[in-house]
Amino acid sequence: MLKDNSWFRVFSRGLYSCRWKHRSEEDLRRTRKKKNACCWFSAVATVTLLSLSWMYICLVTFNDREDVNWQGFAELKRWVNWFMVLVITSAVLTCYCVLLLLFAMIQVALREPLNLHWLHKVLLFFGCLFISFGVAGISLKWRKEWATVLLSLQATAPFLQLGAVGALTLLSSFVFQVFHSAKDYSSKRMIAAAFILTSTAIFLCPLFIHSPCLIEQVPEKPKLIGHRGAPMLAPENTMMSFNKSISCSVWAFETDVQLSKDRIPFLMHDHNTSGFLRTTNIKEKFPDLVSQPSSNLTWQQLQSLNAGEWFLQTDPFGTVSKLSEQDRELARSQTIPSFLQLLKLAKEHNISVIFDLYSPDQENDTVETVDTISLSGIDPKKILWLPPAARDYVNVTQPGFIHIYNNETQMFKRGGNHLNMKYSQLSTSEIRDLRSKNITINLWVVNERWLFSLLWCAGVSSVTTNSCQDLHVMERPDWWMALKRYRVIWITADVVSVLIMAVIFMCHRSRPRICCRKGEEKQRNNATSWDEKELAPFIPTV
């Protein structure tokens with residue numbers, strides 16, 4: 001036991017309770033009896049668990065951070081990396097809660113009173129408020145991300161279970177101490193029931209884990225499709241971006257096509273009334289045209305816009321610092337390319353092209369788009385036709401195009417066998433079922449390694465990605481394991497944990513008896529000492 005005035009005890013007590021001075025034994029006995037101290041300990045543990053869960057949600061939804069930033073831009077008309085602000089705030093909150101819980105457990109180990117300082121109580125309240133707003137925001141504005149969280153558990157559940165077993169083993173000593181300290185039978189029964197139920201759930205949860213990465217053999221690596229090129233290395237939908245994606249060995253270019261006032265197809269994703277505001281300098285060049293749709297600008301006007309300076313200023317993916325000075329200068333000079341330029345680049349490097357057609361009149365604009373493709377001379381089999389309108393016209397004029405569908409029902413109705421969907425719209429079992437029917441599946445937008453690994457194990461055909469530079473160097477999934485081997489690891493970890501906890505329980509069980517014997521001996525010694533003092537005047541001296 002550490003001395004009452006040791007620096008470690010004072011440091012721990014000061015950070016948790018903001019009390020740096022040692023108090024009298026009577027004061028300590030009085031404060032230890034306060035029930036609200038234990039309640040606040042439970043509150044600290046609960047908020048810590050919530051903050052860890054919230055941080056997990058932030059990390060697994062990091063794949064779709066661009067959606068959050070885009071939503072912020074749509075509302076405020078200003079590009080800010082809002083998701084990174086959210087992640088940093090959540091990380092600070094999680095670190096604070098974990099450290100506070102750690103100091104609380106140190107207080108228990110040192111037998112110090114658990115008097116949580118009022119400032120910690122206020123911060124915990126605001127932490128709960130922050131997490132509540134975050135969960136409500138996802139549920140109301142970003143509900144589809146809950147599917148991502150559930151999908152992530154297929155990749156992380158085996159590791160979370162092993163971590164939970166380890167945490168349960170470490171915390172069992174504290175639980176057993178509380179159990180043996182309980183004076184009434186009902187309290188002991190309640191503690192034992194809660195601990196047994198929790199342990200059983202943790203030990204047996206692998207029975208309900210169905211991960212596609214628990215396989216005997218890894219499928220073929222999915223092909224990569226550059227989402228607007230390589231937008232982490234260059235401004236999206238520019239020739240520099242598509243050239244960068246070629247070095248990442250992409251199988252296809254993904255882009256967005258719109259038509260100018262003089263009917264020239266060009267590349268641009270943003271297609272609302274302020275579509276050019278995010279990625280060009282239209283506000284400085286043509287302030288009167290900021291709110292105009294793309295069909296009101298001529299090709300000559302579009303070519304005069306700068307499409308690269310925004311990338312260096314906003315740094316949407318936090319990658320600008322990794323670019324060379326030469327690449328920065330090249331990015332700064334990018335302009336809006338035509339669809340014909342991209343088709344010629346794809347033909348030169350034998351790369352396929354998949355695109356959305358953003359147009360208020362897709363039926364008529366399809367004609368100019370198909371004519372542009374024919375003019376480029378690219379192999380029709382390299383065109384992955386995604387726009388749903390005018391498919392019959394396309395089949396008649398260009399029967400060689402490969403038609404891609406974003407709906408299973410529509411695909412089967414028209415006799416197609418190529419599907420393009422968001423990664424969270426298909427379960428891993430559905431992916432395997434469709435692949436067994438020779439359906440080619442492309443999923444978008446897949447940026448994180450854990451997600452790519454999971455879909456790789458599930459057998460997906462290809463993925464559309466912003467981070468082709470990271471995914472193309474992967475030679476195998478980040479993790480995969482034979483099911484039998486995982487079961488051996490799972491059962492072994494559970495058995496070892498049970499044995500360790502049994503030993504800890506027996507140690508705690510024998511400790512109160514030892515303490516009782518020492519207390520009885522101390523009482524006898526005190527009584528003997530008192531008797532000798534009382535009888536001393538009557539004992540004759542020799």
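Treat the numbers as computed from the prediction; the structure is a model and nothing was measured. In every chain, residue numbers begin from 1 and rise along the written sequence. Reporting in this predicted model follows two pLDDT cut-offs: at least 70 for local features of residues, and 80 or more for side-chain atom pairs to be given and counted; totals over whole chains, interfaces and linings ignore these cut-offs and use all residues. To get the side-chain values, all heavy atoms of the structure are used, and hydrogens and water are removed first.

Another point: the confidence of the model for the protein chain. Known as pLDDT, the predictor's confidence for each residue is given on a scale from 0 to 100. Looking at the protein chain as a whole, its pLDDT mean stands at 87, while 87% of the residues score no less than 70. For the stretch residues 514–520, pLDDT sits under 50, and the model shows 0 contacts to residues farther than four places along the chain or on other chains. Note on contacts: a residue pair is in contact if any heavy atoms of the two residues lie within 4.5 Å. Every residue in residues 526–542 scores below 50 in pLDDT, and together they form 0 contacts with partners more than four places removed in sequence or on other chains.

End to end, helix H15 (residues 362–376) covers 21 Å across 15 residues, agreeing with the expected 21 Å (1.5 Å per residue, within 8%). Listing the buried residues of H15 in full gives Gln 362, Asp 365, Thr 366, Thr 369, Val 370, Thr 372, Ile 373 and Ser 376. In a view along the axis of H15, the buried residues occupy a sector of 160 degrees, so they form one face of it. If you follow the buried residues of H15, they end up packed against strand E2 (252–259), strand E3 (265–267), helix H14 (339–349), strand E4 (352–357), strand E5 (383–385) and helix H16 (391–397). Looking one or two places after H15, you find Gly 377, whose phi comes out positive at around 80 degrees. Here a strand is any run of E in DSSP of at least two residues, a helix any run of H or I of at least four, and the numbering for each starts at the N terminus. An expected span of 1.5 Å times one less than the residue number is assigned to each helix. Between buried and exposed lies partly exposed: a residue is buried under 20% and exposed over 50% of the maximum accessible area for its type, with that area taken using a 1.4 Å probe on protein chains only. Here the arc refers to the set of directions running from the helix axis out to each C-beta atom.

For a regular strand, the rule is simple: side chains alternate between the two faces of the sheet. In terms of burial, E2 is largely enclosed, as 8 of its 8 residues are buried. Burial along E2 is two-sided: Ala 252, Glu 254, Asp 256 and Gln 258 and Phe 253, Thr 255, Val 257 and Leu 259, pointing in opposite directions, are all buried. Strand direction decides the pairing type here: E2 and E4, joined by 6 bridges, are parallel. Considered in E4, the bridge of Asp 256 is made with Asp 356. Each pair of strands is called paired provided DSSP finds at least two bridges between the two strands. Pairing of E2 with E3, which is carried by 3 bridges, proceeds in the antiparallel orientation. Its bridge partner lying in E3, Leu 259 is registered against Pro 265. Hairpin connection, E2 to E3: the antiparallel pair is bridged by 5 residues, and Arg 263 has positive phi, about 65 degrees.

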